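Architecture at a glance
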Amino acid sequence: LATGRSKFVVRGFTNPVSVAVDEARGRIYVADSKTSEIKAFDQSGNYLSTIVGFGLGDANIHNPAQVSLDSQGNIYVADLFNFKVKVYSPEGKFLKVVGKGAGDSLGYFSKLIGVAVDSEGHIYAVDTSFNNIQIFDQEGNLLLVIGGDGNPPGYFRLPMHIYIDEKDRIYIADTLNSRIQVLQYLKEGESAPR
């Protein structure tokens, strides 16, 4: 722990690639891609536990690319080399996988790099190889695919991480198009903002 202008800096990682903050539980989760671990810290930067570590089975991860949380504090990991989204409880108990694994068809992943969850629990998985976002329900059923290679709105070139805010605005880092795209999830009965 080092102090400076920041409140604190947590050290001891090999290659930290993503962070998620659970304010309700006072936890910070950090994904380290080199060690294939998700570590939990309190809001003062004190280590609490390793939620999940390296492995090729469904309960483990191999090179996490992004970690996100849902409204219940469940932890979602874009597991790059296992080609699936892994889901854990706030305490670190393995819950499920989303996605069918490696492949080039709908529901499969080639380079799963990002994951986020909207207010209704839909799971958004970003695949840089396909330049798209696949959206799943909580049972793992594929609902919709957004994107494809290109530069019109809604298309991507090397999309990276994704973030969904409290108003269900979806932010995607669209790397090779040199932009951040912002989409809006509309609940049933809602109309598009003007």
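Use the structure listed above.
Since the model is a prediction, treat every value here as computed from it, not as a measurement.

Examining the overall build of the protein
Scanning the protein for helices and strands turns up 0 helices and 15 strands. The C-alpha radius of gyration computed for the protein amounts to 16 Å, which stays within 12% of the reference 16 Å derived for 194 residues, consistent with globular compactness. Considering only C-alpha atoms, the protein reaches an extent of 45 × 40 × 30 Å along its principal axes. In the protein, which comprises 194 residues, the share counted as buried stands at 46%. For the protein, long-range pairs separated by at least 24 residues make up 35% of all intrachain contacts whose partners lie at least 6 apart in sequence. Here the protein has roughly 10,000 Å² of accessible surface; of this, 49% comes from carbon and sulfur atoms.

Here we look at the nonpolar core
Core analysis: the biggest nonpolar cluster contains 26 residues, and Y76, V85, I123, Y124, I133, I162 and I170 have the highest contact counts within it. Every element with two or more residues in this core is listed here: strand 6 (75-79), strand 7 (84-88), strand 9 (112-117), strand 10 (123-127), strand 11 (132-136), strand 13 (159-164) and strand 14 (169-174). With 5 residues, strand 9 is the single largest residue contributor to this core. Setting aside anything within four residues of it in sequence, one finds I170 in contact with Y124, I162, Y163, I164, Q181, V182, L183, Q184 and Y185. If you look at the next biggest cluster of nonpolar residues, it comprises 13 residues, including A31, A40, V52 and I61.

Comments concerning the sheet that holds strand 7
In space, the 4 strands of this open sheet follow the order 5-6-7-8, with antiparallel pairing throughout. Edge positions in the sheet fall to strand 5 (64-69) and strand 8 (94-98), since each has one partner strand and no second. Going across the sheet, the axis of each strand differs from the next one's by a mean of 20 degrees, ignoring polarity. Sheet analysis places strand 7 next to strand 8, joined by 4 bridges and oriented antiparallel. Residue Y88 lies in a different strand from strand 8, and its bridge partner there is F94.

Description of the environment of Q184
Summarising the element assignment, Q184 is placed in strand 15 (residues 179-184). Here the side chain of Q184 touches K167 through a polar contact of 2.8 Å, landing on its backbone oxygen. Only 3.3 Å separates the side chain of Q184 from the backbone oxygen of D168, close enough to count as a polar contact.

Regarding the packing of aromatic side chains
As enumerated under the stated definition, the model contains 5 aromatic pairs in all. Pairing F41 with Y47 gives two aromatic rings, centres 5.9 Å apart and planes at 75 degrees, and the pair type is edge-to-face. For F41, a relative accessible area of 5% translates into the label buried. Overall, the relative accessible area of 48% leaves Y47 in the partly exposed class. Every member of this aromatic cluster is reached through a ring pair, and the members are F13, F41 and Y47.

A closer look at the pairing of strand 4 (residues 47-52)
With 4 bridges connecting them, strand 3 (residues 37-42) and strand 4 associate as antiparallel partners. Along strand 4, the bridge assignment pairs F41 with Y47. Counting the residues that bridge the hairpin from strand 3 to strand 4 gives 4 residues, and of these G45 lies at a positive phi of roughly 90 degrees.

Quick look at the pairing of strand 1 (residues 16-22)
Summarising the sheet, strand 1 and strand 2 (residues 27-32) pair through 6 bridges and their orientation is antiparallel. In the sheet register, V19 faces strand 2, and the bridge partner there is V30. Hairpin connection from strand 1 to strand 2: 4 residues lie between these consecutive antiparallel strands, with G26 at a positive phi of about 65 degrees.

The rules we used
- Residues numbered from 1 in each chain as written.
- Predicted model: local features only at pLDDT ≥ 70, side-chain atom pairs only at ≥ 80, totals over all residues.
- Heavy atoms only, no water.
- Helix = DSSP H or I, 4+ residues; strand = E, 2+ residues; numbered from the N terminus.
- Rg over C-alpha atoms; globule rule 2.2 N^0.38 Å.
- Buried < 20%, exposed > 50% of the residue type's maximum accessible area, 1.4 Å probe, protein only.
- Contact = heavy atoms within 4.5 Å.
- Areas by Shrake-Rupley, 256 points an atom, 1.4 Å probe, with all protein chains shown as cover.
- Core = buried A, V, L, I, M, F, W, Y, C linked by side-chain atoms within 4.5 Å.
- Pairing = 2+ DSSP bridges.
- Axes fitted to C-alpha atoms, helices over the stretch in contact; angles between N-to-C directions.
- Polar contact = N/O pair within 3.5 Å; in protein donor to acceptor, adjacent residues only side chain to side chain.
- Phe/Tyr/Trp six-rings, centres within 6.5 Å; stacked < 30°, edge-to-face > 60°.

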